[in-house]
Amino acid sequence: MRLCAIAAAGIVISIAGCQAGKKTEDRLAHEGDPSKTGKKYVIGMSQCNRGEPWRVQMDKDIEEAAKAHPDLEVLFKDAQNKAETQQSQVREFVQQKVDLIIISPKEARPLTRPVEEAMDAGIPVIVLDRKVEGDKYTCFIGADNVKIGREAGKFLVELLGGKGNVVELKGLMTSTPGQERHKGFMEGIAGSNLKVVFDADCQWLEPNAQREMKSALSRFPTIDAVYGHNDPSAHGAYLAARQEGKGREKTIKFVGIDALPHEGVRYVKDGILTATFQYPTGGQEAIENALKILKGEKVEKNITLGTRRFTKDNAETGGEAL
Amino acid sequence: MALLVVFVLGCVYTPTARDTGLPIFISLRTQLDILFEYCEYGLLATGMTLVILSGGIDLSVSSVLGFSATFFAILTIGYGWGVPSAIAAVMAAGIVAGLISGVLVARFRIQPFVATLAMMTAARGAAKLISGGIKVQPAAQPWYALTDDTPGFFRWMTTALPGIGVQPATVLFLVCILTMAVIVKRSGYGRQLYAIGGNEEAARLAGIPVRRVKLQTYALCAMFAALAGVVNACRQDIGDPEAGFTFELDAIAATVIGGTSLLGGRGGMMFTLIGVLIMAYINKILSLNAVAIDRRMIIQAAIIVVAVLIQRQEKG
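These remarks concern the structure in this document.

So, how was this worked out
- Sequence order as written defines residue numbering, which begins from 1 separately in each chain.
- Throughout, the order in which chains and ligands are written sets their labels, letters from A for the former and numbers from 1 for the latter.
- The model is predicted, so local features are restricted to residues of pLDDT at least 70 and side-chain atom pairs to those at 80 or more, both for listing and for counting; the totals for chains, interfaces and linings are taken over all residues.
- For side-chain calculations, the full set of non-hydrogen atoms in the structure is used, while hydrogens and water are omitted.
- Between two residues, a contact is recorded if the distance between any of their heavy atoms is within 4.5 Å.
- When two parts are put together, the accessible area they lose, computed with a 1.4 Å probe and summed over both, is reported as buried area.
- Salt bridges are counted wherever a side-chain nitrogen of Lys or Arg sits within 4 Å of a carboxyl oxygen of Asp or Glu.
- The term polar contact refers here to a pair of N or O atoms within 3.5 Å; inside protein, the definition further demands a hydrogen-donor-capable atom paired with an acceptor-capable atom, and it admits residues adjacent in sequence only when both atoms are side-chain atoms.
- For the purposes of this entry, the term helix denotes a DSSP run of H or I that reaches at least four residues, the term strand denotes a run of E that reaches at least two, and both are numbered from the N terminus.
- Polarity classes work like this: nonpolar for Ala, Val, Leu, Ile, Met, Phe, Trp, Tyr, Cys and Pro, charged for Asp, Glu, Lys and Arg, and polar for all others, with Gly in that last group.
- A 1.4 Å probe rolled over the protein chains alone gives each residue an accessible area, and that area as a share of the maximum for its type sets the label: buried under 20%, exposed over 50%, partly exposed in between.
- For Phe, Tyr and Trp, rings pair up if their centres lie within 6.5 Å, where Trp contributes its six-membered ring, and each pair is then called stacked (planes under 30 degrees apart), edge-to-face (over 60) or tilted (otherwise).
- Whether a charge sits over a ring comes down to the Lys NZ or Arg CZ being within 6 Å of the ring centre and within 35 degrees of the ring normal.
- Lines fitted to the C-alpha atoms define the axes, with helices restricted to the stretch that makes contact. Angles between their N-to-C directions range from 0 to 180 degrees.
- Put simply, a crossing is left-handed when the front helix is turned counterclockwise from the back one by less than a right angle, and right-handed when it is turned clockwise.
- A patch consists of residues whose relative accessible area exceeds 30% and which take part in no salt bridge; residues with like charges are grouped when within 9 Å of each other, and nonpolar side chains (Val, Leu, Ile, Met, Phe, Trp, Tyr) when within 5 Å.
- A 1.4 Å probe and the Shrake-Rupley method give the accessible areas. Residues count as covered only by the protein chains that appear here.
- Should an angle fall under 35 degrees it is taken as roughly parallel, and over 145 as roughly antiparallel, whereas 65 to 115 is taken as roughly perpendicular and any remaining angle as oblique.

**A closer look at the interface of chain B and chain A**
Each side of the interface is counted separately: chain B has 49 residues, and chain A has 45 residues. Approximately 4,000 Å² of surface area, both sides summed, lies buried where chain B meets chain A, with 51% of it carried by carbon and sulfur atoms. Looking only at chain B, the three residues that lose the most surface to chain A are Y13, R18 and Q313 of chain B, adding up to 17% of its buried area. The tally of links from chain B across to chain A stands at 4 salt bridges. Close ionic contact of E92 of chain A with K284 of chain B constitutes a salt bridge, the shortest N to O distance being 2.8 Å. Across the chain B-chain A interface, the total number found is 12 residue pairs in polar contact (both at pLDDT 80 or more). Of all the secondary structure elements, the ones that give two or more residues to the side of chain B that touches chain A are α2 (28-37), α3 (39-53), α7 (152-158), α11 (210-236), α13 (269-288) and α14 (293-314) of chain B. Take the side of chain B that touches chain A: its biggest share by element is 10 residues, from α14 of chain B. Residue classes in the side of chain B that touches chain A are distributed as 21 nonpolar, 13 polar and 15 charged.

**Section: unusual backbone geometry**
Unusually for a residue other than glycine, Q203 of chain A sits at a positive phi of about 55 degrees. Along the chain, the position of Q203 of chain A falls in the loop between β7 (193-201) and α7 (206-219). Looking at Q203 of chain A, the relative accessible area reads 33%, which means it is partly exposed. Backbone geometry at R109 of chain B places phi at a positive 55 degrees, although glycine is not the residue there.

**What about the packing of aromatic side chains?**
Residues and elements named next belong to chain B. Tallying each qualifying case throughout the model produces 16 aromatic pairs over all chains. Taken together through their ring pairs, the aromatic side chains of F72, F153, F154 and W156 make up a single cluster. Over the ring of F108 we find R107; its NZ or CZ atom is 5.4 Å from the centre of that ring.

**A word on the packing of α3 of chain B against helix α12 (residues 247-258) of chain B**
Residue and element names in this part refer to chain B. For the pair α3 and α12, interaxial distance at closest approach is 8 Å and the crossing angle is 65 degrees. The way α3 lies across α12 gives a crossing that is right-handed. Contacts between α3 and α12 involve E40, Y41, L44, A45, M48, T49 and I52 from the former and F247, E248, D250, A251, I252, A254 and T255 from the latter. Classifying every residue of the contact of α3 with α12 by side-chain character gives 9 nonpolar, 2 polar and 3 charged.

**Overview of a nonpolar patch on the surface**
Residue and element names in this part refer to chain B. A cluster of nonpolar side chains, namely V103, F108, I110, F113, V114 and L117, defines an oily patch on the protein surface of about 510 Å² accessible area. For the nonpolar patch, the leading source of residues is helix α6 (residues 112-131), giving 3 residues. Positionally, V114 belongs in helix α6.

**Focus: the pattern of salt bridges**
Residue and element names in this part refer to chain A. Applying the stated criterion across every chain, the model contains 29 salt bridges over all chains. Among the ionic pairs, E151 bridges to K147, the shortest N-O distance being 3.8 Å. Taken together, the residues E151 and K147, both in helix α5 (residues 145-159) and 4 residues apart, mark about one turn of the helix. Looking at K147, the relative accessible area reads 24%, which means it is partly exposed. Among the salt bridges present, the one from E244 reaches R248, with a minimum N-O distance of 2.8 Å. A relative accessible area of 26% places E244 in the partly exposed class. Ionic contacts of the salt-bridge type, sharing partners, join the residues E52, R55, D129 and R130 into one network.

**As for the packing of α3 of chain B against α11 of chain B**
All names here are of chain B. Here α3 crosses α11 at 175 degrees, and the two axes come no closer than 8 Å. Classified by the interaxial angle, the pair formed by α3 and α11 is roughly antiparallel. On the side of α3, the interface is formed by C39, E40, L43, L44, T46, G47, M48, L50 and V51, while α11 contributes T217, Y218, L220, C221, F224, A225, L227, A228, V231, N232 and R235. Across the contact of α3 with α11, the residue classes break down as 14 nonpolar, 4 polar and 2 charged.

Structure representation (structure tokens):
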């Protein structure tokens, strides 16, 4: 028994050892090598939840952009959807004295203080996607969900000739993106004869959207379009229509948001979604601005990213900027 | 012993601060942060240990935490109540939730897993209901009493006390778990708890008021969960109806890693303190090293199993 425990502990130690050892080695290699001119910058990136594909894409965008600059090292941390964890991550970066922090906060209020503390410690902070309270940060980069929702609404009005029954499959409505994508959409269809006949909070999740869509299909004989707050919701709705077996998936127009390369854009190419609207991650822009900040250049305080619409015609060529 | 192993691991694999070159893990600041970060789990585990000792389980603690965080925030921010009365009300609400679970278990003989599963769902629903489905923060609704900032108590609770360097939230957790450790060890209630967990039938025949003890236990557990909710609201600076999601699993894990048996009747409160610390250390080490989440989860699982094995061996 004792042997077993010790053996197991040994294994764990060596696994952890490989991990940590490798890290220190290449860090030392960089720092200790005098032939490398210029300073190496360390950026700490705290992602609120890598359980969401869109956020995985954000990290990927940051990684890709950073690769082009050998003097950048990015430490990625995932808060697994817990604001408390994210608070500690920011504080750890401060203790470690990284050169710059990028944070995509889970929630504004809880992260406000840690970000302030980092700024007080002289570490610049780039806030991505969701804001913090007040204005004690270096730079905020985000997209406009209300605008994207509005564009989706206007697109459907045009597509359906101004009238029809729409199902709205919402994201988590306690979250701001959900509220804003809804608000924008209602603005987009205002004044037309488009009617939201059925809506449900699907919490961004495809299985929920599929289930809710089944209820909508059984209640309404005519549904002209589905507006999903994200692409998986729209995709789930498509699957529900196909499973119904009446061929309605061919007549209903499905529209989603996010336009990730392997998700929404793919669905559009496959003819499942009629359109998807990009919600840009801002990963690349974050690295661009980080470099400027590290070099002492001035950057804009608030940067709002645009959106792109992907339809079957332009999906191959990267969509159309709106 | 397991705690020591994990601590040594932490000392070996600590990253260093880039300016001073000092190891971060061993610093006093980090050690206090570790306690602070885990004090909500600690409070939940304190209550959980009582319930598990009695041979039951309480899945509802996470939702009671979420409800209490929301309730506390809405009382102070929404209705402008004073902090002491709000805490009293939140604790009372927690105790009521615990009593309901307790009655379902003790009086109606519903299995603890099922009864507290029901309470888990109900409390989460209640949290969303009282908040109107939004996160409670100043000016979130036009009628809220506070529109500018949360009460100073929120910040005080989570800021290190000058001089000592410990956050009041951490002190609250330590006071709670140490008090309960003494009560479980020395009082009649503690002895009855072990007796019921060891053999409920025998305890009943020996004249122990089984129902009453169980009621007290579930009420206490929910009360600690309510306190954890207050801490959560202060830490997050908002009342989040989704707060605490899946925390019950961490609380159970900490209790079991410490060495308290899920079968009931064996274990103790100080074991749980060790269990909480082990979990907190593991998390901190992996987080400090920025270990990627995929490997992190696997390493975490391996360390938990090893920790349980070592703890078990210790008790013979």
